[in-house]
Amino acid sequence: MNEKRMSFRDKKRIVFKVGTSTITHEETGALNLVKLEKFIRIVSDLHNQGKDVMIVSSGAIGVGRRALGLQERPTEQAVKQACAAVGQIRLMTVYQKIFSEYNQKTAQVLMTKVTIADDTSRHNAQNTFRELLHMGVIPIVNENDTVATDEFTLSDNDYLSAIVAAIAGADMVVLLSDIDGLYSDDPSQNPDAVRIPLVESITDEMLEMAKGPHTDMGTGGMISKLEAAGIANDAGADMVIINGDDMDNIGRVFAGEDIGTLFVAHKTRHFHLKNYLDRSRV
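Worth saying up front: this structure is predicted, and the values here are computed from it rather than measured.

Visitor: Whenever I open this one, the pattern of salt bridges confuses me. Can you help?
Guide: Pairing between side chains of opposite charge can happen when their charged atoms approach one another. Inspection of every chain in the model, using the stated rule, returns 13 salt bridges. The salt bridge involving Lys 4 is made with Asp 238; its shortest N-O contact spans 2.9 Å. Taken together, the residues span a long stretch of sequence, with Lys 4 in helix α1 (residues 2-6) and Asp 238 in strand β7 (residues 238-243) at a distance of 234 residues. Here Asp 52 makes a salt bridge to Arg 13, at a shortest N to O gap of 2.8 Å. Here the residue Asp 52 occupies a position in strand β2 (residues 52-57), and Arg 13 occupies one in strand β1 (residues 13-18), the gap between them amounting to 39 residues. When its relative accessible area of 22% is taken as the criterion, Arg 13 is described as partly exposed.

Quick look at the structure:
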């Protein structure tokens, strides 16, 4: 395992996923600018080392809901889409402003399930990612919540991060979450639960013990992370879950330290994203 983790420093193309709870204040739902700035600084430094980096960022609905003065997480589709429309532009403005302070170029990429299901759209997305990365641009990706419907939603950004990794040919996915990794049971309910440092294959038992969301800010729980790991690993990318409360955990991952949970890549022959669209909750 140590040898595998030490290989992280040689990764060339990395997808970072940041959840809403990772980049916002729990008390207010407003952006946590200190954490977000540190995350952007660390990602910028990795980019300066010659690595291709992509970000799948949650937070648009949460930022929009605060801007519109809504206290509770919206449940109606139209209200969620309105919050996303308001929040996405605010979120991207912050990303662009802070990244520009570190001389980085960014681009917004919004995707839907149709992007993957339609061969032409998926090919176009692949070309777009390739050209952006070739130009030294950092793509910031989110689902196009403003136009997505229940029938054509990607369900959450854990899943989207794995899809982006598969489309863009990434060799690593880093999920920054509000948990320390995969546990043998829910650690908030069972004090005897232990962290599982390495997963070579996702079992039915793991899927059964996976729990739902920890907070009202996010949309996915451990089950979505396991599904994302399945896609990323089959596509040939390692995936690691780490706690985003401490952004220094990113550096620890690339230093080969034993933190979080590592899901080991095992590229599947004839891998095709369309084969995953009807699986699980998606």
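Visitor: Which parts of the structure should I look at to understand the packing of aromatic side chains?
Guide: What describes a pair of aromatic rings is the distance from one ring centre to the other and the angle between the planes of the rings. Counted under the stated rule, the structure contains 3 aromatic pairs. Residues Phe 16 and Phe 39 carry aromatic rings whose centres are separated by 6.0 Å and whose planes lie at 80° to one another, so their mutual orientation is edge-to-face. On the criterion of sequence distance, the pair formed by Phe 16 in strand β1 and Phe 39 in helix α3 (residues 33-48) is long-range, its members being 23 residues apart. Judged by relative accessible area, Phe 16 falls into the buried class, the value being 0%. By relative accessible area, Phe 39 is classed as buried at 0%.

Visitor: Could you clarify how one ought to interpret the pairing of strand β4 (residues 137-143) in this entry?
Guide: Within β4, 7 of the 7 residues are buried, leaving the element largely enclosed by the surrounding structure. In the sheet, β2 pairs with β4 via 2 bridges, with the strands oriented parallel. Counted as the bridge partner of Ile 55 is Ile 140 from β4. When strand β3 (residues 105-111) meets β4, the two strands line up parallel, connected through 7 bridges. Note on β4: the bridge partner recorded for Met 111 is Glu 143.

Visitor: Could you clarify how one ought to interpret the nonpolar core in this entry?
Guide: As a rule of thumb, nonpolar side chains are buried together in soluble globular proteins. Met 111, Phe 129, Val 164 and Met 239 are the most contacted members of the largest nonpolar core, which totals 44 residues. Counting residues per element, the ones that place at least two in this core are β2, β3, α7 (119-134), β4, α8 (157-168), β5 (172-177), α10 (222-235) and β7. Per-element tally for this core: the top contributor is α8, with 9 residues. Excluding residues that lie within four positions of it along the chain, Met 239 makes contacts with Val 173, Leu 175, Lys 225, Ala 228, Ala 229, Ala 232, Asn 233, Thr 261, Leu 262 and Phe 263. The next biggest cluster of nonpolar side chains, apart from the first, holds 35 residues, and it includes Ile 42, Val 43, Val 63 and Tyr 95.

Rules used throughout
- Residues numbered from 1 in each chain as written.
- Predicted model: local features only at pLDDT ≥ 70, side-chain atom pairs only at ≥ 80, totals over all residues.
- Heavy atoms only, no water.
- Salt bridge = Lys/Arg side-chain N within 4 Å of Asp/Glu carboxyl O.
- Helix = DSSP H or I, 4+ residues; strand = E, 2+ residues; numbered from the N terminus.
- Buried < 20%, exposed > 50% of the residue type's maximum accessible area, 1.4 Å probe, protein only.
- Phe/Tyr/Trp six-rings, centres within 6.5 Å; stacked < 30°, edge-to-face > 60°.
- Pairing = 2+ DSSP bridges.
- Core = buried A, V, L, I, M, F, W, Y, C linked by side-chain atoms within 4.5 Å.
- Contact = heavy atoms within 4.5 Å.

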